Amino acid sequence: MAKYNFKEKEKHWQNFWAEEKIYQFNPQSQKSFYTVDTPPPTVSADYLHAGHIMSYSQAEFIVRYKRMRGFEVYYPMGFDDNGLPTERYVEKKYNLNKNNINRAEFIKKCLAETKIAIQTYRNLWQILGISVDWTKTYSTINQHSQRISQWSFLDLFKKGKLIHKDDPVYWCTNCQTALAQADLEDTEESSFLNYLTFKTKDNKEFLIATSRPELLPACVALFFNPKDERYKKLAGKKAQVPLFNQQVPILADEDVDIDYGTGLMMVCTWGDIEDVKKCRKYDLTYRAVFTQDGKLNELAKEFAGLKIDKARQEIIKKLKAEGFLKKQEEIIHVLNTHERCKTPVEFIKTKQWFIDILSVKNKLLAQINKLKWYPSYMKKRAIDWINALNQDWCISRQRFYGVPFPVWYCQQCGEVIVAQEKDLPIDPLQTQPSNYQCAKCKSNKLIPEKDIMDTWMTSSVTPLIIAGLIEDKAVQKKLYPINLRPQAFEIIRTWLFYTVVKSYYHHQSLPFYEVMISGHGLDDKGQKISKRLGNFIPAEKIVEKYGADAVRYWATGSTLGENLRYNEQEIKKGSRTVTKLYNAAQFCFLHFKKDDYSKLKIDDLLLEDKWILHYLNQTVKNSVKYFDNYQYSKARDEVDNFLWHYFCDNYLEFVKHRLYQNEPDKKAKTVLSYCLLAIIKMYAPIMPFIAEEIYNLYFADFVKTKSIHLTSWPEIIKNLKYSSKETEEFEKVLSVIRDIRKYKSEKQISLGEEVGEYTTSIKLSENNIEFIKQVAKVKEIIVK
RNA sequence: GGGCGGAUAGCUCAGUUGGUUAGAGCGUACGGUUCACAUCCGUAAGGUCACAGGUUCGAUUCCUGUUUCGCCCACCA
């Protein structure tokens, strides 16, 4: 008997699907559209592992299911290649940094890397059988995406939602760019709380605890809690800062924690967000000491030019030497770092573009509530994030590889000039508005904006980008808002949140109706997979070894929203399921002739036929219920159970005696073929290759649809008339068969061997006695 | 410090609105098969449902608290 060669067959069907354009979206279709947003993977992942397989497969199960449920599915593919992740990747690979980069050269390198990465991803999606319409792809750096990102900027500009301000902003001193709150990640760091002596003009000494003595030159005020009796006498006085000797006011504020350190707080330009708040609230002096590349400036006197952490050490040394340092306490504190490079972020005052989000928090919360979340508890993460926001969305980055701002400034008066919509996409460094004259100052000299946009400026309009890939405007309208956003939980605060923001401002609508949140892929010990730990097998290797169907089978294993361990046992189970399906099909086809495929006639079925069809009905019903709620793992369990325990272990055995006859029973064959087709259809979303293979071995000729993936989901057979009496009857039959099997097992008799007689107390009809004698191989059944 | 999710068989996990004996797969033990099955089938052993209270006729399920793991968030200088 022919074995199923997954390597050969999977390759074959990949090509078949591509050549026959099975997954191509038809904009003219009369069916309802079902659009899926694709999470553009960042190209910097040059290692693809089980986690990538898992997250993409999980979204794709739904895509295939919906296609078979009669929707015209629009499933394009995007590649997220612009922005800092790619820049970081290229910098590392070529050992570059911002200060030794030629902008044009650098962008060229980024584009080249992008191309390679896209190919790597595309290859994996193809061998996995991800059913994307490959004629509809985009990358976040291409002209189409740039045009829409810039349009988004212009639209927000017109609507007055943009703020261009010179303000303290989160800053990465390593990447040397402004950041948004969402780009931060907390890290624990052990450090020292240093108790330093300050004194007033009249030489009254007191202690202040600080973990950042390098900020002493930037100190602008001291604060205590007005309820704190210890310091009331200091109110209104001035203090002298050790080493740097500037005089700073001593003020009271209720936010100061009496119990932390000495209860006195040193406020600087700016060590953290609390400093920023206090400086604003009390309009304190501006004394910034940090430079954009993470050093101290001339305010630090002899320490000027030192890196921040080096300066801290040196200043502590000198404080100690001069007797200002009274004691040090070891502490562990949390600090914000840039999630891409883990460098602690600082506040630096620079001019940046922001999107107003703080003033519409409540509106955004309402939008989040209107979305349908799967699983529902994930909504809380978005709500918590919005409530925690303390900065508007900073969208400008002092980097090179990304979408340019369509903006110039008047050299003389600084007036902002934005591009015309018809000219997009545009790079202000390359192009200038012709015949320009400033309306305010009549100058005709313009300075182009050289910053680029936050990469999420593009990712946040993916629904518009994918709708825009279709020419027809009427179809575009039908594609937006889209139906489903599949994504992982760690980008709720970015991809999901920002997309909701954009859609709210642009269209006063939701960008999508439903969101399906998946978890992470973990290694076999439950650890997060990471390049650094090297705890993964490359994705292509896994597929090569077990086949795409088997790996996809593993990927169905997690409950939605939960992490999934890499588990080779499960993949092997997937392989076994493929084999089982193939063998069951082979067995059927051995007996089938062309004319055995005919319409099921319900009226003249035997009891065992009704029984199997009844459970098939249940399986179809449940699979629909589960898939509709994105519970693909439960849907799979249902089908697995039906295949192994109802169809193979029992029904196939029940009908063998009807097939091995001179005149094989045609009814049995009809029921077999009906069940088999339904089974492979229900497996098709999960294991598309084996389903297609079996379909084409027999069914394609009759169903007259060239791919199983274009057929429709099995229907529930109505009027089966499997009465409760019959149900009860057949349950008795099954229990007797079970007993006989047990009996034979205990007596160590082969199941295939015919035994003389078997006695049961269960009352059975003549027909059923005959049936049991046939399938359980017993000569005589005695009912007592 | 706040929030979210988990803790069920040796392992990985299901357990639907509270209701007889808590399930599956893998693994283990014993047996049978090679006439669809790179096997497959049958039978069996294995659980104080993290812990402690409470509500109830009845709790793995609901409530409270504790322990513990994971994740997210936070300005404690």
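Please refer to the structure placed before this passage.
Presented here is an overview of the structure given in this document. (Residues numbered from 1 in each chain as written. Chains lettered and ligands numbered in written order. Predicted model: local features only at pLDDT ≥ 70, side-chain atom pairs only at ≥ 80, totals over all residues. Heavy atoms only, no water.)

### Observations concerning helix α21 (residues 724–746)
Because each turn of an α-helix spans 3.6 residues, side chains separated by three or four positions end up pointing in the same direction. Taking 1.5 Å of rise per residue, the 23 residues of α21 would be expected to cover 33 Å, and the 33 Å separating its terminal C-alpha atoms lies within 8% of that figure. For α21, the elements touching its buried residues are α17 (607–628), α18 (632–659), β26 (755–760), α22 (766–776) and β27 (778–783). Following α21 by one or two positions, Gln 748 has its phi on the positive side, about 60 degrees. (Helix = DSSP H or I, 4+ residues; strand = E, 2+ residues; numbered from the N terminus. Expected span 1.5 Å × (residues − 1). Contact = heavy atoms within 4.5 Å.)

### Some words on the protein's contact with RNA strand B
Around RNA strand B there are 52 residues in total, and Asp 257, Tyr 260, Glu 274, Arg 493 and Tyr 660 lie nearest to it. Arg 576 has a polar side-chain atom sitting 2.9 Å from a phosphate oxygen of RNA strand B. In the environment of RNA strand B, a base nitrogen lies 3.4 Å from a nitrogen or oxygen atom belonging to the backbone of Ala 584. Sorting the residues of the surface near RNA strand B by element identifies β12 (264–268), α6 (273–282), β13 (325–338), α9 (379–388), α16 (568–591), α18 and α21 as the ones contributing at least two each. (Near = heavy atom within 4 Å. Polar contact = N/O pair within 3.5 Å; in protein donor to acceptor, adjacent residues only side chain to side chain.)

### Here we look at the layout of surface pockets
Looking at the second largest pocket, its volume works out to about 1,300 Å³. Forming the boundary of the second largest pocket are 46 residues, of which Ser 211, Arg 212, Gly 271, Asp 272 and His 333 lie nearest the centre. When residues of the lining of the second largest pocket are traced back to their parent elements, those giving at least two are β7 (184–200), β8 (205–210), β12, α6, α7 (308–321), β13 and β14 (345–355). The residue makeup of the lining of the second largest pocket, split by class, is 20 nonpolar, 11 polar and 15 charged. (1 Å grid on protein atoms, 1.4 Å probe; cavity = no way out; pocket = protein on both sides within 12 Å on 5 of 7 lines; lining within 4 Å. Points joined across faces, edges and corners; volume = space filled by probe spheres on them. Nonpolar A, V, L, I, M, F, W, Y, C, P; charged D, E, K, R; others polar.)

### A look at the pattern of salt bridges
Per the stated rule, a full pass over the model turns up 47 salt bridges. As a salt-bridge pair, Lys 204 and Asp 202 come within 3.9 Å of each other at their nearest N and O atoms. Linked through salt bridges whose partners overlap, the residues forming this network are Glu 87, Arg 88, Glu 91 and Arg 399. (Salt bridge = Lys/Arg side-chain N within 4 Å of Asp/Glu carboxyl O.)

### A few points about the environment of Cys 175
As for its placement among the helices and strands, Cys 175 is situated in the loop between β5 (162–172) and β6 (177–178). For Cys 175, a relative accessible area of 1% corresponds to the buried category. Separated by 79 residues in sequence, Cys 175 and Glu 254 have C-alpha atoms that sit 37 Å apart. Dropping the residues within four chain positions of it, Cys 175 is found in contact with Leu 84, Arg 88, Lys 98, His 338, Cys 341 and Arg 399. (Buried < 20%, exposed > 50% of the residue type's maximum accessible area, 1.4 Å probe, protein only.)

### Observations concerning unusual backbone geometry
Of note, the amide linkage connecting Tyr 374 to Pro 375 takes the cis form, showing an omega dihedral of -5 degrees. Here Pro 375 is to be found in the loop between β15 (372–374) and α9. Phi at Gln 176 takes a positive value of approximately 55 degrees, unusual for a residue other than glycine. Relative to the helices and strands, Gln 176 is located in the loop between β5 and β6.

### A few points about the side chain of Thr 140
Tracing the sequence through the fold places Thr 140 in the loop between β4 (137–139) and α5 (143–158). Here the side chain of Thr 140 touches Asp 80 through a polar contact of 3.1 Å, side chain to side chain. Sequence-distant contacts of Thr 140, defined by excluding residues within four places in its chain, comprise Phe 79, Asp 80, Asp 81, Asn 82, Ser 145, Val 403 and Thr 458.

### Some details on empty space enclosed by the protein
Summed over all chains, the structure comprises 3 cavities of 30 Å³ or more. Empty space within the largest cavity amounts to approximately 130 Å³. Surrounding the largest cavity, 15 residues form its lining, Leu 84, Asp 183, Arg 397, Asp 454 and Thr 455 being those nearest its centre. The set of elements that each furnish at least two residues to the lining of the largest cavity consists of α3 (84–94), β21 (452–453) and α10 (455–459). Looking at side-chain class alone, the lining of the largest cavity contains 6 nonpolar, 3 polar and 6 charged residues. Approximately 50 Å³ is the volume attributed to the second largest cavity. Lining the second largest cavity are Ala 180, Gln 181, Ala 182, Ile 357, Trp 385, Leu 389, Gln 391, Asp 392, Trp 393, Phe 497 and Tyr 498. Class assignment for the residues of the lining of the second largest cavity results in 8 nonpolar, 2 polar and 1 charged.

### Digging into the pairing of β5
Examined bridge by bridge, β5 and β14 share 11 bridges and lie antiparallel to one another. Paired with Asp 166 across the strands is Lys 351, a residue of β14. Relative to β6, β5 runs antiparallel, the two being bridged by 2 bridges. Following the sheet pairing, Cys 172 is matched in β6 by Thr 177. (Pairing = 2+ DSSP bridges.)

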